[in-house]
Amino acid sequence: MNIKSRIDRALSKHGDEVKIHIFGDIHTVRAFIRPLMYKNKMYADNSYSSLGELDESCFLYIGPYFPGMELFSSYIVCNGTRYSVAKLSKIVYRDDVIFARCILRYFIQGGVTSDKPVL
């Protein structure tokens, strides 16, 4: 069994159902999305708006890679929460992309984070 099939098997057995929205296409896959601890998110850039600093919560995505998932208009949905890709790394083995490792942030649409109620 090669490394890609082992990772695919682990994701299908233990991963969460995730929907990746890219250019109107929806890809339903299994992936890991977990919160990043403070020490691990020190390399993620801060985000600011005209009203001040935005929520700094960061999450780690490990799962299948799809071209375009790092684009501004793309987002990932897991358990009803929308995330956007802040940084993406493709993990490659022998010229094949095995999986993607991404730093996610809450998806922001119209200046409001989509996972929190608007007051």
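This report concerns the structure included in the present document.

**A look at the sheet that holds strand β6 (residues 75-78)**
Thinking step 1. Strands sit in the order β1-β2-β5-β8-β7-β6 around a closed barrel of six strands; the barrel is antiparallel. Strand-to-strand twist of the sheet, defined as the mean angle between neighbouring strand axes without regard to direction, takes the value 40 degrees.
Thinking step 2. Note: β6 against strand β7 (residues 81-93), three bridges, orientation antiparallel. In the strand pairing of β7, Ile76 is matched with Tyr83.
Thinking step 3. Along the sheet, helix α1 (residues 3-14) makes contact with β1 (16-22), β2 (25-35), β5 (59-63), β7 and β8 (96-106), crossing β2 at roughly 85 degrees.

**Some words on the pattern of salt bridges**
Thinking step 1. For the structure shown, the criterion picks out two salt bridges.
Thinking step 2. With a closest N to O distance of 3.7 Å, Asp8 and Lys4 form a salt bridge. Of this pair, Asp8 and Lys4 both sit in helix α1, four residues apart, roughly one helical turn.
Thinking step 3. Judged by relative accessible area, Asp8 falls into the partly exposed class, the value being 35%.
Thinking step 4. Since its relative accessible area comes to 33%, Lys4 is described here as partly exposed.
Thinking step 5. Its salt-bridge partner being Asp16, residue Arg34 comes within 3.0 Å of it at the nearest N-O pair. With a gap of 18 residues between them, Arg34 in strand β2 and Asp16 in strand β1 connect regions that are remote in the sequence.

**Section: the nonpolar core**
The nonpolar side chains of a soluble globular protein tend to be buried, and buried together.
Thinking step 1. Among the nonpolar cores identified, the biggest contains 18 residues, and Val18, Ile20, Ile33, Tyr61, Ile76 and Leu104 are the most heavily contacted of them.
Thinking step 2. Within the residue set of this core, elements represented by two or more residues are β1, β2, β5, β6, β7 and β8.
Thinking step 3. Examining the composition of this core, we find that four residues originate from one element, β8, more than from any other.
Thinking step 4. In this structure Tyr61 touches Val18, Ile20, Val29, Ala31, Phe32, Ile33, Met69, Ile76, Ala100, Arg101, Cys102 and Leu104, once residues within four positions along its chain are discounted.

Rules behind the numbers
- Residues numbered from 1 in each chain as written.
- Predicted model: local features only at pLDDT ≥ 70, side-chain atom pairs only at ≥ 80, totals over all residues.
- Heavy atoms only, no water.
- Pairing = 2+ DSSP bridges.
- Helix = DSSP H or I, 4+ residues; strand = E, 2+ residues; numbered from the N terminus.
- Axes fitted to C-alpha atoms, helices over the stretch in contact; angles between N-to-C directions.
- Contact = heavy atoms within 4.5 Å.
- Salt bridge = Lys/Arg side-chain N within 4 Å of Asp/Glu carboxyl O.
- Buried < 20%, exposed > 50% of the residue type's maximum accessible area, 1.4 Å probe, protein only.
- Core = buried A, V, L, I, M, F, W, Y, C linked by side-chain atoms within 4.5 Å.

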